[in-house]
Amino acid sequence: MGVELLPLKAMKVIFSMLLGMLRGLLLLCLLTSCLALPDQSEDVDPTEQEQRNGDDDDDDNDNTGDDDDDNGDDDDDSTDDPAAPVVVIESPDDGGAYAKSQTFVFQGSVSDEKDAPESLALEWRSTVFGQLNTQPANSAGTAGFVLSSLMAGAHTLTLSATDSDGLVGTDSIAFDVYDPNDLVADFSLEDVNPTSATYEDFISPRDSLGGISAWYFGNAT
């Protein structure tokens, strides 16, 4: 008994059906692959999002802290302590020597960053005489007075100025005041008298002060 072959027309129908099924299977696989792809626009880890938000908040806090530091620096600059008055003695001259009976001109200048010069409390003081004057300065800051005489001695003169905050500025100089009546000639000459005990020595009037009333130096002929 031989094998009976299918007619050619039936084979074509079966082949067409198989081809259609294969195409349907491929289309199904393609659709399944597309559905399995993740949604990149929405699939975000909540923990990662919170961390990002936290970083942003930290950056904002850091900026706020910097501003606070800057404000603190400004506050420090604005709270600087006030300065004391500035005082300068212009007359007499520092290191000068003056006769006690001459006219003394005392002059100085004062200033303050807060108070007007004329509102400052002034005091002139000498270590020999004590308080000399307390007259205020004028609006230009010039202070001064005049004395017709001053006690002899080595003076240290101080001018002080006190402002409304109680801050005190000072300046000091030193000068000498002498009495012309107390001056003694200061020189020396060689004693040329062969009969003198100080022959050929250099002597001064100071050596015999109070012992004689006259001096004579010279060669006798």
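Scroll up to find the structure this text is about.
Chains are numbered independently. Their residues run from 1 in the order of the written sequence. In keeping with the model being predicted, local features are shown solely for residues with a pLDDT of at least 70 and side-chain atom pairs are shown and tallied solely at 80 or more, while totals for entire chains, interfaces and linings include all residues. With hydrogens and water stripped out, all remaining heavy atoms of the structure feed into the side-chain values.

Student: Can you walk me through unusual backbone geometry in this structure?
Tutor: A cis geometry characterises the amide bond from Ser 91 onward to Pro 92, with omega recorded as 5 degrees. Going along the chain from the N terminus, every DSSP run of H or I of four or more residues is numbered as a helix, and every run of E of two or more is numbered as a strand. In this structure, Pro 92 sits in the loop between β1 (86–91) and β2 (97–99).

Student: Where do I start with the nonpolar core in this structure?
Tutor: Within soluble globular proteins, side chains that are nonpolar generally end up buried alongside one another. Of all hydrophobic cores here, the largest spans 20 residues; its most connected members are Phe 106, Val 110, Leu 122, Trp 124, Leu 157 and Phe 175. Listed by contribution, the elements that provide at least two residues to this core are β1, β3 (104–111), β4 (121–126), β6 (142–147), β7 (153–162) and β8 (168–178). Residue contacts are counted whenever heavy atoms from the two residues lie within 4.5 Å of one another. Those residues in contact with Leu 157 that sit more than four places away from it in its chain are Ile 89, Pro 92, Phe 106, Trp 124, Arg 125, Leu 132, Asp 171, Ser 172, Ile 173 and Phe 175. To qualify as a nonpolar core, a set must consist of buried Ala, Val, Leu, Ile, Met, Phe, Trp, Tyr and Cys residues joined through side-chain atoms within 4.5 Å. Burial classes follow relative accessibility: with a 1.4 Å probe on protein chains only, a residue under 20% of its type's maximum area counts as buried, one over 50% as exposed, and anything between as partly exposed.

Student: When you look at the pairing of β7 in this model, what are you seeing that I'm missing?
Tutor: Looking down a regular strand, the side chains alternate between one sheet face and the other. By the convention used here, strands pair only if DSSP detects at least 2 bridges between them. One ladder, built from 6 bridges, connects β4 with β7; its direction is antiparallel. Looking across to β7, one finds that Glu 123 is bridged to Ser 160. Pairing geometry for β7 and β8, over 10 bridges, is antiparallel. If you follow Thr 158 over to β8, its bridge partner there is Ser 172. The hairpin turn running from β7 into β8, its antiparallel successor, is 5 residues long, and Gly 166 in that turn takes a positive phi close to 85 degrees.

Student: Which parts of the structure should I look at to understand the sheet that holds β3?
Tutor: Strand pairing in a sheet relies on backbone hydrogen bonds, with the paired strands running either antiparallel or parallel. What the 3 strands build is an open sheet, ordered β1-β3-β6; its pairing is antiparallel. Single-partner strands in this sheet number two, and they are β1 and β6. Between one strand axis and the next, the sheet turns by 20 degrees as a mean value, whatever way the strands run. Relative to β3, β1 runs antiparallel, the two being bridged by 5 bridges. Residue Ser 91 lies in a different strand from β3, and its bridge partner there is Gln 107. An axis is simply a line fitted to the C-alpha atoms; with a helix, the fit covers only the stretch in contact. Between two such axes, the angle follows the N-to-C directions and lies from 0 to 180 degrees.

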